[in-house]
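One-letter residues, chain by chain:
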Amino acid sequence: TTKPSKKKVSFTKEQQALMKVIIDAYNKHQIPQDVAKKLLQDKYSTEENFLLLTEMATSQVQVLVEFTKNIPGFLSLDREDQIALLKGSAVEAMFLRSAQALNKKMPIGHTEVLEERIRKSGISEEFIKPMFNFYKSIGELHMVLEEQALLTTITILTPDRPYVKDQPAVERLQETALDLLRKMCVLHHPQEPQYFARLLGRLTELRTLSHYHAEMLASWRVNDHKFTPLLCEIWDVQ
Ligand SMILES: C[C@]12CC[C@H]3[C@@H](CC=C4C=C(C(=O)O)CC[C@@]43C)[C@@H]1CC[C@@H]2C(=O)c1ccc(O)cc1
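Presented here is an overview of the structure given in this document.

Conventions we followed
Residues numbered from 1 in each chain as written. Predicted model: local features only at pLDDT ≥ 70, side-chain atom pairs only at ≥ 80, totals over all residues. Heavy atoms only, no water. Helix = DSSP H or I, 4+ residues; strand = E, 2+ residues; numbered from the N terminus. Buried < 20%, exposed > 50% of the residue type's maximum accessible area, 1.4 Å probe, protein only. Contact = heavy atoms within 4.5 Å. Salt bridge = Lys/Arg side-chain N within 4 Å of Asp/Glu carboxyl O. 1 Å grid on protein atoms, 1.4 Å probe; cavity = no way out; pocket = protein on both sides within 12 Å on 5 of 7 lines; lining within 4 Å. Points joined across faces, edges and corners; volume = space filled by probe spheres on them. Nonpolar A, V, L, I, M, F, W, Y, C, P; charged D, E, K, R; others polar. Phe/Tyr/Trp six-rings, centres within 6.5 Å; stacked < 30°, edge-to-face > 60°. Axes fitted to C-alpha atoms, helices over the stretch in contact; angles between N-to-C directions. Parallel < 35°, antiparallel > 145°, perpendicular 65-115°, else oblique. Left-handed = near helix turned anticlockwise from the far one by under 90°. Near = heavy atom within 4 Å. Areas by Shrake-Rupley, 256 points an atom, 1.4 Å probe, with all protein chains shown as cover. Sits in = over half its atoms within 2 Å of the grid points.

**Let's talk about the environment of T152**
Structurally, T152 is set in helix α7 (residues 145-156). Residue T152 is classed as buried on the basis of its relative accessible area, which comes to 6%. Sequence-wise, T152 and E92 are 60 residues apart; in three dimensions their C-alpha atoms are separated by 8.5 Å. For T152, the contacting residues outside a window of four places in its chain are Y26, F67, L96 and Q100.

**A word on the pattern of salt bridges**
Where side chains of opposite charge bring their charged atoms close, a pairing between them can arise. Taken as a whole and assessed by the stated rule, the structure comprises 15 salt bridges. Via salt bridges that share partners, D78, E80 and K165 belong to a single interconnected network.

**A closer look at the layout of surface pockets**
As a volume, the largest pocket reaches approximately 720 Å³. Together, 33 residues line the largest pocket, and L53, M56, A57, S98 and L114 are the ones closest to its centre. Those elements giving two or more residues to the lining of the largest pocket turn out to be α2 (33-38), α3 (46-69), α4 (79-103), α5 (110-119), α6 (125-139), α9 (195-222) and α10 (229-235). In this structure, the second largest pocket occupies an estimated 560 Å³ of space. Lining the second largest pocket are 22 residues, with K87, G88, V91, P162 and W235 sitting closest to its centre. Secondary-structure elements contributing two or more residues to the lining of the second largest pocket are α4, α9 and α10. For the lining of the second largest pocket, the element with the highest residue contribution is α9, accounting for eight residues. Classifying every residue of the lining of the second largest pocket by side-chain character gives 10 nonpolar, five polar and seven charged.

**Quick word on the side chain of H189**
With respect to the secondary-structure elements, H189 resides in the loop between α8 (167-188) and α9. Once residues lying within four places of it in the same chain are set aside, the contact partners of H189 are L141, H142, E147 and Y195.

**Examining the packing of aromatic side chains**
For the structure shown, the criterion picks out six aromatic pairs. An aromatic cluster of three or more residues is present, and its members are F50, W220 and F227.

**What about the packing of α7 against α9?**
Taken N-terminus to C-terminus, the directions of α7 and α9 make an angle of 50°; their axes are 11 Å apart at the nearest point. Considering the angle they form, α7 stands oblique to α9. Judged by the twist between their axes, the crossing of α7 over α9 is right-handed. Contact residues: E147, L151, I154 and T155 in α7; Y195, L199, L203 and L206 in α9. Residues of the contact of α7 with α9, tallied by class, amount to six nonpolar, one polar and one charged.

**A few points about the site of the ligand**
Taken together, 21 residues lie around the ligand, and I31, T54, R97, H213 and F227 are the ones closest in. Summarising the interface, the protein chains cover 98% of the accessible area of the ligand, which totals 610 Å² for the free molecule. Cavity membership is defined here by more than half of the atoms lying within 2 Å of grid points; on that basis the ligand lies in the largest pocket. Among the elements that line the shell around the ligand, the one with the most residues is α3, at six residues. Each residue belonging to the shell around the ligand can be placed in one class, and the counts come to 16 nonpolar, four polar and one charged.

Geometric descriptors of this kind do not, in isolation, establish any biological role.
This is the structure in structure tokens:
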């Protein structure tokens, strides 16, 4: 048997500080308990499920904005670029979040209930399939919390979002997070030299999902479903 390669991984002072800030921000921003508790309320109609997911999505956008403001360097970016990055990454960050939520051992039964409500919220089967394939492919990675938080950070700091003016400034921030994630992967998955590449491959899958998302929103709207003002603003609907 091959001895596990105990690769020595050392982090710079800056990287340790960055990781701490990102982890604290990631842990601090969870869905408020009252919204999460509603998951277990009895009503299960398609309408009720959509309303609940709408509430969770709206709350998640607020959580995402707070998390993003804590990313070192983000608030020094051009103001309009900050908005462009948030709008451009909201769907992907949400799908990443839902994958992490559905794969972690939530309080008893939450995961199944959440899955049930997603499957019965008026999302057509053609979108449900890729969504749950994505959830499965994330689950198989067994990411540690640091990797999850950094992957979300890297998604938000994607330079080539629409309307971003100063892409190099975003690139520099993203590179810092990528360097840190690369080291984290070596530290937590020493047996899998390809692990970092596999993680970044998930970001490509995320972009595909966000194309489906626009159609999901359109099909809900056709059936006269109402979104909240915050969701309309972040997703340019209605
Ligand atoms: C993205 C989503 C809304 C947000 C949900 C996600 C499923 C799981 C989640 C877990 C969360 C947690 O545990 O912290 C926060 C909310 C999220 C991230 C839903 C799947 C489809 C739905 C959707 O696209 C949607 C969009 C507009 C709507 O009005 C309703 C749903």
